[in-house]
Amino acid sequence: MDQFIVNIIHRPEMVPEYAEKVTGHGQSEDIGRKALLTESLDIFKTQQECAHKNGLKTTIQMTYASLFNEEAVALAKQHHERYGDEIALSLLGLPCEQFREKYKTKDFCIWMFSMEDKKAIVNDVFGKFYERFGFYPQSTGSYYMDAELINYIKEKYPSVKCAVATCWEEGPKAYHTCNNSWYTFMDGGPWAPWIPSKQNTHAPAANEAEDSGIVAIPHLSRDLIACYDGNGSNFGTHPQNVLRGMIYEDGEYPYLYNLIDQFRYQAKFNNGYAYNMMFVGPGWMNKMGRWEAPYELLKKSYEDGCAYYGQLKKEGKLTDMTMAEFADFYRGKKSYAEPECALWRDILYGSEKQVFWYCDPYMRACVNMDQGGAIVDLRPYVAKLPWPVGIGTPHIQDASYPFLIQEKYRAGYFTHYAGEGTVRSAKVCCNGEEVDLCLCRTKAHVSKEGKDHILTLDPVDIEFSDTTVKLQTIITFTEGESAVKTERKILNVTNPKAEVTIQEYMTACYGTTEYSEDMSSLTLWVEADGNKEELSYEYKCREALKENAARVSCKLPPIKTLVSMECEGNGKSGFIREGYAFSPMFTLGYTGKLCEKEVFTTWLRLEKAD
């Protein structure tokens, strides 16, 4: 039987984000205002009650501010004894009078501090937790926790086994929808639980030597289409996210339940296991209301969300766990190489869009069936790229894992009149006409054979002026191989005399935002018969082609990654293409003939570059 697990995480955030200005009613800032502290604690009590009356246990992540509040500490102890709630520790909720007096800053994102301050803050918060409870926590978390921070916490406080460690796809898209003022960039991580590597939080550990020692969970369970295409803060299983996205009518929100159910569905692709979480602070249930929703609707939505989880539990379809319990479960359930897979469909906008997400220790990839099975997002985890974050590092706010392909920031197939966007696709040619498979919408089915996770796409009809070609695509991800295998098979050609050729290609670059990086350190080459033709990237729009090429490759020193393509097929030739200043990409690819009933097979391989 499939197992669906939920973590419900509450934090008594005595000074919630956003709330002081609302509670203060235009008065000058005072984060010690009694009305603010009282209302925050009342909301926390309400959230706890919503979970408990539906038979659900929670993880109480104590904030630094709450550790100075006698009632908050007493409540945590009481609920631990009565309901089995876990008492954990959050690295959110740092701002309070005591914190600001000591650190002389309004910063509140733990990953953005200098490493020296990170250590001092962690020691302060963990020390205060021990003082109040007599033990160290087993769980912690923030919006994001960089690898150096996780490694330090695990070394200094080995009891920690689980952490909220990233927000899925909270990068430039979220920044732009917050009036360009929310400086938290953390795209490119897993959307489901994982074991982060010691080198980079986003990149899952490939073995015990890389294991950071914790199980990481995402901050909220997001809609894997709507969040990727738009602002993720509107599309999550946190009920007030759904209200912020205005995805409700007459006080009802079926989308919330559909979203939870779609996560349940993912058990079919992950050995019978699926996961969901809610991570909630009191700022969401302010008496003055939030977004355009009144307090009554805010409260009702949370009550209804908890009731839905409670009903699933009563029906034997859900298991509620604390974070520490889940960490133990996950360690027993998943191996390092085992990927997380998600076949996701649009449940919001009425389109028939479908995507497939794949994540393992070597890559994160998104395949878009609306674009004929094109890879539209690719992150080379194989490099385990060290990426220090915070003051005193090259990345003060940008914690994102760099991409090779990213259709939202680097255009994808549907582009401006000039230049190219990043995408991995194919072009089918016949009698001088050309059609890119990005134009061929289809659907897919997922199967598993041994270590192979196979995405089989429905055949598409490609219509030329005097010929129709029926083509099927099969994409295979193999555990532990850091490669994507793509097979194109011609099922039927209406004109037997037609000459059909195929061009498999990958157009890529690197970066974390919309803005181009300096590509001049990249090197491209094509190999054939022991010979190599090489291009150092100079923005000159040059190309090189070799018949029967064994490999086409690009080395990207800034992200320590080597990406290559290999091919198996008739009359093949491999090519490389350098971009230019207006279109600063590179392209790797193969062309070849394709007859009826034949298969043209390519591999996209990722390696760590020294």
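Residues numbered from 1 in each chain as written. Predicted model: local features only at pLDDT ≥ 70, side-chain atom pairs only at ≥ 80, totals over all residues. Heavy atoms only, no water.

Undergrad: Provide a residue-level description of the overall build of the chain, including the pertinent values.
TA: A tally of regular secondary structure across the chain gives 12 helices and 29 strands. For 610 residues, the compact-globule estimate of 2.2 N^0.38 gives 25 Å, and the chain sits close to it at 25 Å. Along the first, second and third principal axes, the C-alpha atoms of the chain reach 80 × 50 × 45 Å. Across the chain, every contact between residues at least 6 apart in sequence was considered, and the portion connecting residues at least 24 apart equals 67%. With the model as given, the accessible surface of the chain reaches about 22700 Å², and the carbon-plus-sulfur share is 48%. (Helix = DSSP H or I, 4+ residues; strand = E, 2+ residues; numbered from the N terminus. Rg over C-alpha atoms; globule rule 2.2 N^0.38 Å. Contact = heavy atoms within 4.5 Å. Areas by Shrake-Rupley, 256 points an atom, 1.4 Å probe, with all protein chains shown as cover.)

Undergrad: Before we move on, could you go through the pattern of salt bridges and cite the residues and values that matter?
TA: Charged atoms that come close allow side chains of opposite charge to pair. Counted under the stated rule, the structure contains 40 salt bridges. Residue D211 is joined to R331 by a salt bridge in which the shortest nitrogen-to-oxygen separation is 2.5 Å. With D211 in the loop between α7 (172-176) and β6 (215-218) and R331 in helix α12 (residues 323-333), this pair connects stretches of sequence that are 120 residues apart. On the basis of relative accessibility, which here comes to 33%, the residue R331 falls in the partly exposed class. (Salt bridge = Lys/Arg side-chain N within 4 Å of Asp/Glu carboxyl O. Buried < 20%, exposed > 50% of the residue type's maximum accessible area, 1.4 Å probe, protein only.)

Undergrad: Kindly report on the sheet that holds β6, identifying the contributing residues and their values.
TA: Strand order in the open sheet formed by 3 strands is β4-β5-β6, and the pairing between neighbours is parallel. Both edges of this open sheet fall to β4 (139-141) and β6, since each of them pairs with a single strand only. The mean angle between the axes of side-by-side strands here comes to 30°, regardless of whether they run parallel or antiparallel. Of the pairings in the sheet, the one linking β4 to strand β5 (residues 162-166) comprises 3 bridges and is parallel in character. The partner of S139 across the bridge, within β5, is C162. Of the strands in this sheet, β4, β5 and β6 are in contact with α12, which crosses β6 at around 115°. (Pairing = 2+ DSSP bridges. Axes fitted to C-alpha atoms, helices over the stretch in contact; angles between N-to-C directions.)

Undergrad: Kindly report on the pairing of strand β28 (residues 583-593), identifying the contributing residues and their values.
TA: The element β28 is largely enclosed, with a buried count of 9 among its 11 residues. Looking at chain direction, strand β21 (residues 500-508) and β28 are connected through 8 bridges and run antiparallel. Residue pairing across strands places A508 opposite F586, the latter belonging to β28. Two successive antiparallel strands, strand β27 (residues 570-580) and β28, enclose a turn made up of 2 residues.

Undergrad: I'd love a proper account of the side chain of E169, names of residues and values included.
TA: Note that E169 resides in the loop between β5 and α7. Polar side-chain contacts of E169 include one of 2.9 Å to the side chain of R364. Apart from the residues within four sequence positions on either side, E169 is in contact with M186, D187, G188, G189, C227, Y228, R364, R379 and Q406. (Polar contact = N/O pair within 3.5 Å; in protein donor to acceptor, adjacent residues only side chain to side chain.)

Undergrad: Could you give an account of the pairing of strand β18 (residues 460-463), naming the residues involved and the relevant values?
TA: A one-sided burial pattern is seen for β18, the buried positions being V460 and I462 and the unburied ones D461 and E463. Taken together, the 4 bridges between β18 and strand β19 (residues 468-478) define a ladder with antiparallel strand orientation. Within the sheet, the bridge partner assigned to D461 lies in β19 and is K470. What sits between β18 and β19 in their antiparallel hairpin is a turn of 4 residues.

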